[in-house]
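# Topology and contacts: notes
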Amino acid sequence: MALFSEMRRRNVLKVAVLYVLASVLVLWVVGGSLVWLGAPRWANEFVLLVLAIGFPVALIFAWTYEITAHGVQKSLAVDQTQSIVYKTGQKLNAAVAVLAVLGVLALVGERLLPTFELPKIIEPILLAPVYERPEKMGVPTEIRAYTLDNGLRIIVWPDHDIPNVVMYNFVRAGARNEYPGITGLSHFFEHMMFNGTKRRKQGEFDETMEAAGGANNAYTSEDLTVYMDWFPRSALETIFDLEADRLRHLAIDPGVVESERGVVYSERRLRVDNDNFGLLNEQMMATAFVAHPYQVPVIGWPSDIEGWTQEDLESYFRTYYAPNNLTMVFTGDVEPEEIFTLAEDYFGPIPDQDPPNPITTVEPDQRGERRFLVKADAPTPLLHMAFHAGSASDPETLPLNVLLSVLVGGSSSRLHQLFVEDEQIALAIGGFQMEGFDPGLVYFYLTLPPEADVDVVEVRLLEELSRVASEGITEAELQKARNIMIADHWRGLSTISGKAAALGRAEIFHDDYELAFSLPDELAAVTAEQIQQVAIDVFNRDSMTVGVLRSPAQEDEQ
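In this report, we go over the structure that sits alongside the text. (Residues numbered from 1 in each chain as written. Predicted model: local features only at pLDDT ≥ 70, side-chain atom pairs only at ≥ 80, totals over all residues. Heavy atoms only, no water.)

### A look at the environment of Thr 545
Relative to the helices and strands, Thr 545 resides in strand E11 (residues 544-550). Distance from Thr 545 to Gly 368, taken between C-alpha atoms, is 8.8 Å for residues 177 residues apart in sequence. Setting aside its immediate chain neighbours within four residues, Thr 545 contacts Met 284, Thr 287, Ala 288, Gln 366, Arg 370, Phe 372, His 384, Met 385 and Ala 386. (Helix = DSSP H or I, 4+ residues; strand = E, 2+ residues; numbered from the N terminus. Contact = heavy atoms within 4.5 Å.)

Following this line, the structure appears as structure tokens:
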């Protein structure tokens, strides 16, 4: 208490509080001014450094010369108006002022002087970046990850078995990012990305890649657009040049746009309008989701395909193909350092953009069965049945995948044996679970014989799903499903393409690429009781949507 009283009497505490308040005020005013002036990122850190140096130094001098006996004796030996603390304070203020002036000069100099680059020999020594290493057990230690200043996330897994490389570019743009008027744009850009830049004419991207020994492909889903390049190691820099060029200089030429608009419309007719499975699936999604954009078809609605404007296209590309909205994965005959260096050279200059607007719409709980009928020329009727389920990160997703393996995973699965082999009421049966950013569906699809009674098949399917909920599955079925899923998992990781796909999906949907290696342990922890509970939770008829497609002639016979 005596020390506290002495500190208060000598105004040490007041000085400390005053300094803290003044520091907050300085940070607020200067920080806002730096943002307004467009100052570089280090400017805020410089101001913080000046304040951080000044505060502890001021307290040290105050303690030494105002509290300790030795310091008090020295301060009494001189005139109070010229005390050691006073003199020291003057010097400290002068030092802070000098630092502030140097900071201002640095800002001005950065604006006026030419850019200075360290010699290539010195730069790696002084400014070597720190790459992220795996932390979890069981993850290959050679994997590295790095995020460029513009937000581009890059993951590298070296694999030197063969002199080939694969690159996956995951773009966080899918049907869920679209709305009425621009549906289908994500898929449209999957086409446009191969149709020329300001540097390369239409078709030159593929010509250059193939000449270097490479190949490519791409796909679009409800959540993502993914681009894949496979190429020999000798083409590494060529691929970086091609990819950086189309990200930075894509040509959205009106003539090419109109040509590709026709191509996409033809693709829609092929995959949806004239494909019975695609037609029924599109209506299933539009019926099961009444609010969430998962209701949007990946290929887009016909009127939107016809109506995209140049402004729609340019705005969408600028937002969703910004580097801070991308994750790239490289696997194969490479070293992480060379990939990150090339990425800095080719992708680093591409500016980041404001992040896309988040998807905040939550699908409301379904409060009863939904049913519809599609009439189309069809030799055999189709029956689709879906239930609302979780997202990729939902704890029930893995147990539900195990259950789907038991029910429809191959010709020896429970429902295939019952419906196709024993009772012969279906020609084929299958199913899948949507695993995206947001809660999706677990989906069953059946192709029935021409003379089948659709209502009878639906009743049988519901009976079997109810039986799983009431009785569960056997330990033998659980172990079989584990074996199949683990074998598929390791088979996927045996190729450089499978490695890149697995790392990317784990990073995108779980925000951690290391989870690509967790499946064996997670499967071992799944129990039959968990699976039964998932069946109870998911196979609820109030959250069910049923779609039937059959020909008008079959409808008349019912």
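Having seen it, we continue.
### With respect to the nonpolar core
Ranked by size, the top nonpolar core spans 70 residues in total, and within it Ile 154, Phe 189, Tyr 321 and Phe 347 carry the most contacts. For this core, the element with the most residues is helix H9 (residues 236-249), which contributes 6 residues. Core analysis: the second largest hydrophobic core is formed by 47 residues, Met 385, Val 420, Val 468 and Val 538 among them. (Core = buried A, V, L, I, M, F, W, Y, C linked by side-chain atoms within 4.5 Å. Buried < 20%, exposed > 50% of the residue type's maximum accessible area, 1.4 Å probe, protein only.)

### Things to note about the sheet that holds E11
Whether parallel or antiparallel, the strands of a sheet pair through hydrogen bonds between backbone atoms. Overall, mixed pairing links the 5 strands, which are arranged E7-E11-E8-E10-E9 in an open sheet. Unpaired on one side and paired on the other, strand E7 (370-375) and strand E9 (428-433) mark the two borders of the sheet. The sheet shows a mean angle of 15° between the axes of neighbouring strands, direction not considered. Relative to E11, E7 runs parallel, the two sharing 6 bridges. The partner of Phe 372 across the bridge, within E11, is Gly 547. Sheet strands in contact with helix H16 (residues 414-422) are E9 and strand E10 (441-447), and its direction is about 155° off that of E9. (Pairing = 2+ DSSP bridges. Axes fitted to C-alpha atoms, helices over the stretch in contact; angles between N-to-C directions.)

### So, the sheet that holds strand E5 (residues 225-232)
Ordered by their spatial adjacency, 6 strands build an open sheet running E1-E2-E6-E3-E5-E4, and the pairing between neighbours is mixed. Edge positions in the sheet fall to strand E1 (144-147) and strand E4 (215-220), since each of these pairs with one other strand and no more. The mean angle between the axes of side-by-side strands here comes to 15°, regardless of whether they run parallel or antiparallel. Where helix H7 (residues 185-192) meets the sheet, its contacts fall on E4 and E5, and the angle it forms with E4 comes to roughly 170°.

### Structural notes on the packing of helix H15 (residues 397-408) against helix H18 (residues 475-492)
Where H15 meets H18, the axes come as close as 9 Å, and the angle between the chain directions of the two elements is 105°. Regarding the angle of H15 to H18, the classification is roughly perpendicular. Contact residues: H15 offers Leu 398, Asn 401, Val 402, Ser 405 and Val 406, while H18 offers Glu 477, Leu 478, Ala 481, Ile 484 and Met 485. Class assignment for the residues of the contact of H15 with H18 results in 7 nonpolar, 2 polar and 1 charged. (Parallel < 35°, antiparallel > 145°, perpendicular 65-115°, else oblique. Nonpolar A, V, L, I, M, F, W, Y, C, P; charged D, E, K, R; others polar.)

### What to know about the side chain of Asp 229
As for its placement among the helices and strands, Asp 229 is situated in strand E5. For the buried residue Asp 229, which engages in no salt bridge, the nearest side chain bearing the opposite charge is Arg 246, 4.4 Å off. Among residues more than four places away in sequence, those in contact with Asp 229 are Val 165, Val 166, Met 167, Met 209, Ala 215, Asn 216, Ile 239, Glu 243 and Arg 246. (Lys, Arg positive; Asp, Glu negative; His and termini not counted. Salt bridge = Lys/Arg side-chain N within 4 Å of Asp/Glu carboxyl O.)

### Observations concerning H18
The end-to-end C-alpha distance of H18, which contains 18 residues, comes to 26 Å, matching closely the 26 Å that a straight helix rising 1.5 Å per residue would cover. All of the buried residues along H18 are Glu 477, Leu 478, Ala 481, Arg 482, Met 485 and His 489. One side of H18 holds all its buried residues, which, seen down the axis, span an arc of 135°. Set apart from the buried face of H18 by more than 90 degrees, the exposed residues are Ala 476 and Arg 491. At its buried positions, H18 is contacted by H15, H16, helix H20 (519-525) and helix H21 (528-538). (Expected span 1.5 Å × (residues − 1). Arc of directions from axis to C-beta.)

### Observations regarding the packing of aromatic side chains
A full pass over the atoms with the stated rule returns 25 aromatic pairs. Plain terms: the ring middles of Tyr 227 and Tyr 321 are 6.2 Å apart, the flat faces sit at 65° to each other, and that makes the pair edge-to-face. Within this pair, whereas Tyr 227 is found in strand E5, its partner Tyr 321 is found in the loop between helix H13 (310-320) and strand E6 (326-332), the two being separated by 94 residues in sequence. The burial state of Tyr 227 is the same as that of Tyr 321; both residues are buried. The interplanar angle of 35° and the centroid separation of 4.4 Å between the aromatic rings of Tyr 316 and Tyr 320 together place this pair among those described as tilted. Of this pair, Tyr 316 and Tyr 320 both sit in helix H13, 4 residues apart, which is roughly one turn of the helix. (Phe/Tyr/Trp six-rings, centres within 6.5 Å; stacked < 30°, edge-to-face > 60°.)

### Points about helix H19 (residues 496-510)
Compared with the 21 Å implied by 1.5 Å per residue over 15 residues, the 21 Å span of H19 between its first and last C-alpha is a close match. Burial within H19 is extensive, with 11 of its 15 residues counted as buried. Within the sequence span of H19, burial applies to Ile 496, Ser 497, Gly 498, Lys 499, Ala 500, Leu 503, Gly 504, Ala 506, Glu 507, Ile 508 and Phe 509. Positioned one or two residues after H19, Asp 511 has a phi angle of 60°, which is positive.

### A closer look at unusual backbone geometry
Phi at Gln 424 is positive, roughly 50°, even though this residue is not glycine. Along the chain, Gln 424 falls in the loop between H16 and E9. The exposure class assigned to Gln 424 is exposed, which follows from its relative accessible area of 57%. The backbone of Asp 511 shows a phi angle near 60°, a positive value even though the residue is not glycine. Residue position: Asp 511 is located in the loop between H19 and H20.

### Things to note about the pairing of E5
A large share of E5 lies buried, amounting to 7 of its 8 residues. With 8 bridges connecting them, strand E3 (residues 164-171) and E5 associate as antiparallel partners. Residue Phe 170 lies in a different strand from E5, and its bridge partner there is Val 226. Joining the antiparallel neighbours E4 and E5 is a turn of 4 residues.

### Points about the pattern of salt bridges
Evaluated as defined, the whole model comprises 27 salt bridges. Salt-bridge contacts for Glu 369 lead to Arg 541; the nearest nitrogen and oxygen are separated by 2.9 Å. In this pair, Glu 369 sits in the loop between helix H14 (336-346) and E7 while Arg 541 sits in the loop between H21 and E11, placing the two residues 172 residues apart along the sequence. Through salt bridges with shared partners, a single ionic network connects Glu 423, Arg 460, Glu 463, Glu 464, Arg 467 and Glu 471.

### Remarks on a negative patch on the surface
Residues Asp 149, Glu 237, Glu 344 and Asp 345 make up a contiguous surface patch of negative charge. Tracing the backbone shows Glu 344 in helix H14. (Patch = residues over 30% accessible without salt bridge, like charges linked within 9 Å, V, L, I, M, F, W, Y side chains within 5 Å. Areas by Shrake-Rupley, 256 points an atom, 1.4 Å probe, with all protein chains shown as cover. Charge placed at Lys NZ, Arg CZ, Asp CG, Glu CD.)

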